[in-house]
Amino acid sequence: MTPKHLIQKARDFKLEPEGTRILRLWRWPRLLAMNIVVCVKQIPDPAAPQSFDSSNNLNRSGKLILDEADTYGVEMALQLVDKAGGGEVTVVSMGSSVDVAGLRNALAMGASKAVIVSDDSLRGSDALGTAKVLAAVIGRSPFDLVLAATESSDGYTGTTPVQVAELLGLPSITFAKAVSVEGSSLKVSRQTEAGYDEITAPLPALVTVTAGVVEPRYASFKGIMAAKSKPLEVLSVADLGLEGQVGAVGAREEIVSVVAAESRQSGEKYVDEGDGAQKVVAFLESIKVL
Ligand SMILES: Cc1cc2nc3c(=O)[nH]c(=O)nc-3n(C[C@H](O)[C@H](O)[C@H](O)COP(=O)(O)OP(=O)(O)OC[C@H]3O[C@@H](n4cnc5c(N)ncnc54)[C@H](O)[C@@H]3O)c2cc1C
């Protein structure tokens, strides 16, 4: 029997009655594990004033926090590993390692280890450069699933995860509202404008999760203390063999200007003087809703 068949067999045992499961767990303890990688971005605290450098890049030299959008991926991963009956969650990031409070937060929630790629030569990386770095880190060790948010809260091109999937040769499923694993397949309810797509994909795969896919836990005091001694690896571009391919040198995107978002116009108020309904209908007709 090939390792692939063994893994499939081991996963299928989760569906068997409790007594059988304990016996099989003993026989194939490692094969029941599910290893999940979560891409997490450390971003400047949105509550603090933001500034840009001369290349229109967001100034990330101050306090950094775990992007709230990524807490959903961390929680989802923890729940899937729990359901699988073993395995671990690894968080990976690209950015400055001067402040790693965001990664410690993910470790305090329950992730087992963190890896951050931090290097001066990454300055000016675009989304594809970021994806190359993340794919190189993720590809170093075997994994079952990669999770990311659909888009980050500070830059949000929403393109990084699918580029990671392409570079790793993985199926990618975006906008997940619900994720479950059955045997060696992944089941995802994918949010669309009209409703949901029900998707099945083989593992390993990459999934981007929306806010609300799960309710992220707060780190407990015990978790915060444990996080201090969990492994946090800092890698350079040279460690990944990506010299000359990422950073400003390899970037194909450039931020040409940054402008303030247009403020929203206040809505029109109708005072009902007996003709309120007609006014609303006329308005809906004018915007072609009716
Ligand atoms: C012109 C330009 C200049 C840049 N300059 C720099 C720079 O000087 N230094 C630098 O470090 N970066 C730089 N970046 C990279 C940038 O910070 C982002 O990491 C990258 O553009 C992707 O961010 P996004 O908001 O578009 O991600 P999205 O595609 O919106 O993010 C979706 C999800 O992908 C994952 N993800 C995205 N980015 C990261 C990440 N960095 N680490 C881990 N997971 C991630 C997260 O799960 C995130 O929620 C630059 C990007 C551009 C376009």
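Our structure is the block above this text.
The structure contained in this document is the topic of the report that follows. (Residues numbered from 1 in each chain as written. Predicted model: local features only at pLDDT ≥ 70, side-chain atom pairs only at ≥ 80, totals over all residues.)

**Topic: the site of the ligand**
Rules: Think of it this way: take the backbone, place a C-beta atom on it, and check whether that atom is within 6 Å of the molecule or strand, in which case the residue is near it. The helix and strand labels rest on DSSP assignments: H or I over at least four residues marks a helix, E over at least two residues marks a strand, and numbering proceeds from the N terminus. Each residue is assigned to one class: nonpolar for Ala, Val, Leu, Ile, Met, Phe, Trp, Tyr, Cys and Pro, charged for Asp, Glu, Lys and Arg, and polar for all the others, Gly among them.
Every one of the 32 residues lining the ligand counts as a neighbour, but Ala148, Ala149, Gly155, Thr157 and Thr160 are closest to it. Elements with a minimum of two residues in the shell around the ligand: helix H3 (68-84), strand E4 (89-94), helix H5 (127-138), strand E6 (145-149) and helix H6 (160-168). The greatest single-element share of the shell around the ligand, amounting to three residues, is contributed by H5. Considering only residue class, the shell around the ligand consists of 12 nonpolar, 12 polar and eight charged.

**Re the sheet that holds strand E11 (residues 232-235)**
What counts is decided by this rule: DSSP-based pairing: two strands are paired if at least 2 bridges between them are found. Angles shown run from 0 to 180 degrees and are taken between the N-to-C directions of axes, each axis being a line fitted to C-alpha atoms and, for helices, limited to the stretch in contact.
Strand order in the open sheet formed by nine strands is E9-E8-E7-E10-E6-E1-E4-E5-E11, with mixed pairing between adjacent strands. Edge positions in the open sheet fall to strand E9 (196-202) and E11, since each of these has one partner strand only. For this sheet, the mean angle separating the axes of adjacent strands, direction not counted, is 30°. In terms of strand pairing, strand E1 (residues 36-39) meets E4 through four bridges, oriented parallel.

**Observations regarding the nonpolar core**
Keep this limit in mind: By definition, a nonpolar core groups buried Ala, Val, Leu, Ile, Met, Phe, Trp, Tyr and Cys residues that are joined through C-beta atoms within 7 Å. Put simply, a residue is buried when 20 or more other C-beta atoms lie within 10 Å of its own C-beta and exposed when 12 or fewer do; between those, it is partly exposed, and each C-beta is set from the backbone. The contact criterion used here is simple: two residues whose C-beta atoms, placed from the backbone, lie within 7 Å are in contact.
Counting residues in each nonpolar core, the largest one holds 64 residues, and the members touching the most others are Ile36 and Val146. Setting aside chain neighbours within four positions, we find isoleucine 36 in contact with Ala77, Leu80, Val81, Gly87, Val89, Phe143, Asp144, Leu145 and Leu147.

**Details of the environment of glutamate 254**
Here glutamate 254 is to be found in the loop between E11 and helix H8 (276-286). Residues glutamate 254 and glycine 124 lie 130 residues apart in sequence; the distance between their C-alpha atoms is 8.3 Å.

**Here we look at the pairing of strand E7 (residues 172-182)**
One face of the sheet, then the other: side chains in a regular strand alternate in exactly this way. Note that E7 and strand E10 (residues 205-209) share three bridges and pair parallel. The partner of serine 172 across the bridge, within E10, is leucine 206. As consecutive antiparallel partners, E7 and strand E8 (residues 185-191) are separated by two residues, and within that stretch glycine 183 has a phi angle of approximately 60°, a positive value.

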